[in-house]
Amino acid sequence: AAVSMLLGRVNKDGGMKILPELPTAVEAAAGRSELAAKDFIGYLAGIAAGKVAAPAVMMAYEANPVYALPQNTALAPAFEKAGFLVSFSTYMDETASKADLTMPNPTSYERFEDAQTPYGVGAAMLAASAPVAEPLYNSKPTVDVILGVASGLGIDLGYESSEAVYQAKAEKAGADWDSLVEGSAYVSDSTESGSIKFAASVLSKAPCPRAAKSLLLLTQS
């Protein structure tokens, strides 16, 4: 990023692009940048060390942090200290096995879902898929579970099904929902014009290679 800024290649071919975030369906939902700005590892480390209050409820959605997080042995106490651990998972993994409640999530073949601008893609995009088979077991999409819990608590999130949520996201992004579930992908060539800054404090800590004092050149005669 710093090199692109120095060379004036931000939002230009061959340089770094600042991609816009696609809108969320639920107004109160956190966007990608808001989620990325949170120090989740530091938060868990604080809970494990007793420096941060553990949440009353902790939920894991299609993730296995008990196994996959760095220094998982040191962070494991954070999940044990949570008042109630819920795992929304398709598999009985390490996190699901430790959860107080495991909610079986249908496989990707049995539910609606979408994918939004994977990391490394040079354009804002949205793809989606529709179920091609009925759930084999007694499972329910996580989005539908959350919508049902909210409704039971008297909270209106504005949608009645997971399909309606994904369709609303597509429409707000300017994509055609029917085309998405038929296999097309929505791709936007727009970029953000927001300002970016050098992370001077980070760059100052970057390792600086020292010039070699001597150079030995070996040749074959």
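The rules behind the values
The numbering scheme is per chain: residues are counted from 1 as the chain's sequence reads. A pLDDT threshold of at least 70 governs which residues receive local features in this predicted model, and a stricter bar of 80 or more applies before side-chain atom pairs are shown or counted, although totals over entire chains, interfaces and linings include all residues. Side-chain figures throughout are based on the complete set of non-hydrogen atoms in the structure, without hydrogens or water. Comment: elements are numbered from the N terminus, with helices defined as DSSP H or I runs of at least four residues and strands as E runs of at least two. Using a 1.4 Å probe on the protein chains alone, a residue whose accessible area is under 20% of its type maximum counts as buried, one over 50% counts as exposed, and one in between counts as partly exposed. For the purposes of these results, a polar contact is taken to be a pair of N or O atoms within 3.5 Å, where, inside protein, one atom must be able to donate a hydrogen and its partner to accept one; residues adjacent in sequence count only when each atom of the pair is a side-chain atom. Here a residue-residue contact requires only that any non-hydrogen atoms of the pair lie within 4.5 Å. Here the expected length of a helix is defined as 1.5 Å per residue gap, with one fewer gap than residues. Here, any two strands with at least 2 DSSP bridges between them count as paired. Under this scheme, a helix contributes an axis fitted over its contacting stretch, all axes are lines through C-alpha atoms, and angles between N-to-C directions fall in the 0 to 180 degree range.

Looking at this structure, how should I read the side chain of N64?
Its place among the elements puts N64 in the loop between β1 (58–61) and α4 (65–68). N64 sits in the buried class, given a relative accessible area of 15%. One polar contact links N64 to T95, side chain to side chain, over a distance of 2.7 Å. Dropping the residues within four chain positions of it, N64 is found in contact with D93, E94 and T95.

Would you mind going over helix α8 (residues 162–173) with me for this structure?
The α-helix advances 3.6 residues per turn, and as a result positions three or four apart in sequence lie on the same side. Compared with the 16 Å implied by 1.5 Å per residue over 12 residues, the 17 Å span of α8 between its first and last C-alpha is a close match. Turning to α8, its buried residues are S162, V165, Y166, A168, K169, A170 and A173. Once α8 ends, the next one or two residues include G174, with phi positive near 95°.

Got a minute to help me understand the sheet that holds strand β4 (residues 113–116) in this structure?
Hydrogen bonds between backbone groups are what pair the strands of a sheet, and the pairing can be parallel or antiparallel. Pairing is antiparallel in the open sheet, where 3 strands are placed in the order β4-β5-β6. Unpaired on one side and paired on the other, β4 and β6 (186–188) mark the two borders of the sheet. When the angles between neighbouring strand axes are averaged without regard to direction, this sheet yields 10°. In terms of strand pairing, strand β5 (residues 124–129) meets β6 through 3 bridges, oriented antiparallel. Note on β6: the bridge partner recorded for A124 is S188.

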